[in-house]
Structures are given as structure tokens and as C-alpha cells.
Amino acid sequence: MSTTSSSSPSSSAFVVICLLHSVIALSSGALMMFRMKEIYVFTHGIETATKLLGSTPHDQLLIRTSDSFSGLLLFAIGFLLFMVSFVKDKEFHSFFAKGCTVLYVLMAIWRFWFERWVEDLAWDWLRQTVGDILLALSWDLCRNIIDYSRKNKAIACLYNF
């Protein structure tokens, strides 16, 4: 396993992307755990938010519990991204960036195939799908920077040989 200092452009790009995604996941997770009603109203409007929050007290409790656990999972993912941002192994950087790219592409496919058919969310699926694709592209750009840096280092080693 090759390790490098964090001052190289590829390592810096990885750290920036990880920290950016970490802040987004941490803040989104915290908001999902504690302020989901306000998030629903802000993103979907009052009428749709009322439908999404459930009609009976039992439904509301289930939905709040589900949102809280989803927020906790997102918060844990943000914390994991924060920890991963300090790993110095470039091969791991490339592997992790590929995995994140695949994850966001799968989320975009999920939104395209399933979420657009949910009546109350149908108007929002395109915006969220574009967001997923942009997040996937940010990880793909990070991976390309890492791979380009690694190839240039290999070429420099050949010239010195």
C-alpha cells in the first residue's frame, strides 16, 4: 500500500470532497432527526407535508421513528466520511471514490424507476436525481484526479530509472 502526504493535489481533493460530503450528511442527518416536519414543509409545501407526515397518530409515530433512524444513519455516514478524509492511502481513496460514485448512481436510478411514481413526490424526483448525479460526478472527478496523479508519479519513476 502506498501512502503519500496530504499535500499532493489528489489527496487534497479527496479530503475536500470527503469533508464537504461529511458536512452535508451530518447537517442533513441532524435535521432529519430533530426537524423533519419543518424540512417537509420547506421542501414539499404544507399540503404535501401533511400527507407525508401521516394521518393517524400511529402512522405519525412510525414515520417520525423512521425519519429519526434515517437521520441517525445519515449522521453516522457523515461521521464515517469525516474519519475517512484523514486516510492517506491513495489506492483506498480511489476505491472509496468509486464506491461512492456507484452509490449515488444507484440512488439516481432508484429515484428514476420508483420515486417518480409516488404521487406526492413525483414533482421532486427530477431535482433530486440531478443532485445525485452531480454528487456522483464530484466523486468521479476526485477519483480521476487521484488516478491521474498516480499515473504521473509512475511515469516520473520511469524517467528516473
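Please read these numbers as outputs of a predicted model, since none were measured by experiment.

Trainee: Teacher, can you tell me more about helix H4 (residues 57-84) here?
Mentor: The α-helix advances 3.6 residues per turn, and as a result positions three or four apart in sequence lie on the same side. Look at H4: 40 Å from first C-alpha to last across 28 residues, which is about the 40 Å you get at 1.5 Å a residue. Listed in full, the buried residues belonging to H4 are Asp 67, Gly 71, Gly 78, Leu 81 and Val 84.

Trainee: Help me understand the side chain of Thr 129, please; the structure alone is not making it clear to me.
Mentor: Counting through the fold element by element, Thr 129 comes out in helix H6 (residues 125-160). Residue class for Thr 129 comes out buried when judged on its relative accessible area of 9%. Excluding its chain neighbours within four sequence positions, the residues that come into contact with Thr 129 are Ala 108, Arg 111 and Phe 112.

Trainee: How should the pattern of salt bridges be read in this particular structure?
Mentor: Side-chain pairs of opposite charge can arise where the charged atoms are in close proximity. Under the definition given, this model contains four salt bridges. Across the salt bridge formed by Glu 38 and Arg 35, the nearest N and O atoms sit 3.8 Å from each other. Judged by its relative accessible area of 43%, Glu 38 falls in the partly exposed class. Classification of Arg 35 as partly exposed rests on a relative accessible area of 48%.

Trainee: I tried to follow the confidence of the model for the protein on my own but got confused; where do I start?
Mentor: Per-residue pLDDT for the protein averages 83, and the proportion of residues at 70 or more is 84%. Taking the mean pLDDT of every element in the protein, the minimum, 77, falls on H6 and the maximum, 90, on H4. Overall, residues 1-6 carries pLDDT values under 50, and its contacts beyond four positions in sequence, including any with other chains, amount to 14 contacts.

Trainee: Explain the packing of aromatic side chains to me, please; I cannot follow it from the model alone.
Mentor: Think of a pair of aromatic rings as described by two things: how far the centres are apart, and how the planes are tilted against each other in angle. Under the definition given, this model contains seven aromatic pairs. Ring plane angle 80° and centroid distance 5.3 Å describe the contact between Phe 112 and Trp 113, whose orientation is recorded as edge-to-face. With relative accessibility at 32%, the residue Phe 112 sits in the partly exposed group. Put simply, the rings of Phe 14, Phe 92, Phe 96 and Trp 139 touch in pairs and so form one group of aromatic residues.

Trainee: For this particular structure, what's the right way to read the nonpolar core?
Mentor: The nonpolar side chains of soluble globular proteins are, as a tendency, buried together. Ranked by internal contacts, the top residues of the largest apolar core, which has 13 residues, are Phe 14, Cys 18, Val 84, Phe 96, Trp 139 and Cys 142. Elements with a minimum of two residues in this core: helix H1 (9-34), H4, helix H5 (90-113) and H6. Dropping the residues within four chain positions of it, Phe 14 is found in contact with Val 84, Ser 85, His 93, Phe 96, Trp 139, Cys 142 and Ile 146.

Trainee: Help me understand a nonpolar patch on the surface in this model?
Mentor: On the surface, a nonpolar cluster with roughly 810 Å² of combined accessible area is contributed by Val 102, Val 105, Leu 106, Ile 109, Trp 110, Phe 112, Trp 113 and Phe 114. Relative to the helices and strands, Val 105 is located in helix H5.

Trainee: So what exactly am I meant to see when it comes to the environment of Gln 128 here?
Mentor: Among the secondary structure elements, Gln 128 is positioned in helix H6. Here the alpha-carbon distance between Gln 128 and Ala 108, two residues 20 residues apart in the chain, equals 7.8 Å. At 2.8 Å, the side chain of Gln 128 forms a polar contact with the side chain of Arg 111.

Trainee: Before we go on, may I ask you to explain the state of the cysteines in this structure?
Mentor: Any covalent bond linking the sulfur atoms of two cysteines counts as a disulfide. Across all of its chains, the model carries zero disulfides by this definition. Between Cys 18, a cysteine without a disulfide, and Cys 142, which holds the nearest cysteine sulfur, the sulfur-to-sulfur distance is 6.8 Å. Take Cys 18: its relative accessible area is 0%, and that puts it in the buried class. Summary of cysteine pairing: Cys 100 is not part of a disulfide, and the nearest cysteine sulfur, belonging to Cys 18, is at 6.9 Å.

Definitions and cut-offs
- Residues numbered from 1 in each chain as written.
- Predicted model: local features only at pLDDT ≥ 70, side-chain atom pairs only at ≥ 80, totals over all residues.
- Heavy atoms only, no water.
- Helix = DSSP H or I, 4+ residues; strand = E, 2+ residues; numbered from the N terminus.
- Expected span 1.5 Å × (residues − 1).
- Buried < 20%, exposed > 50% of the residue type's maximum accessible area, 1.4 Å probe, protein only.
- Contact = heavy atoms within 4.5 Å.
- Salt bridge = Lys/Arg side-chain N within 4 Å of Asp/Glu carboxyl O.
- pLDDT = per-residue confidence, 0-100.
- Phe/Tyr/Trp six-rings, centres within 6.5 Å; stacked < 30°, edge-to-face > 60°.
- Core = buried A, V, L, I, M, F, W, Y, C linked by side-chain atoms within 4.5 Å.
- Patch = residues over 30% accessible without salt bridge, like charges linked within 9 Å, V, L, I, M, F, W, Y side chains within 5 Å.
- Areas by Shrake-Rupley, 256 points an atom, 1.4 Å probe, with all protein chains shown as cover.
- Polar contact = N/O pair within 3.5 Å; in protein donor to acceptor, adjacent residues only side chain to side chain.
- Disulfide = S-S within 2.5 Å.

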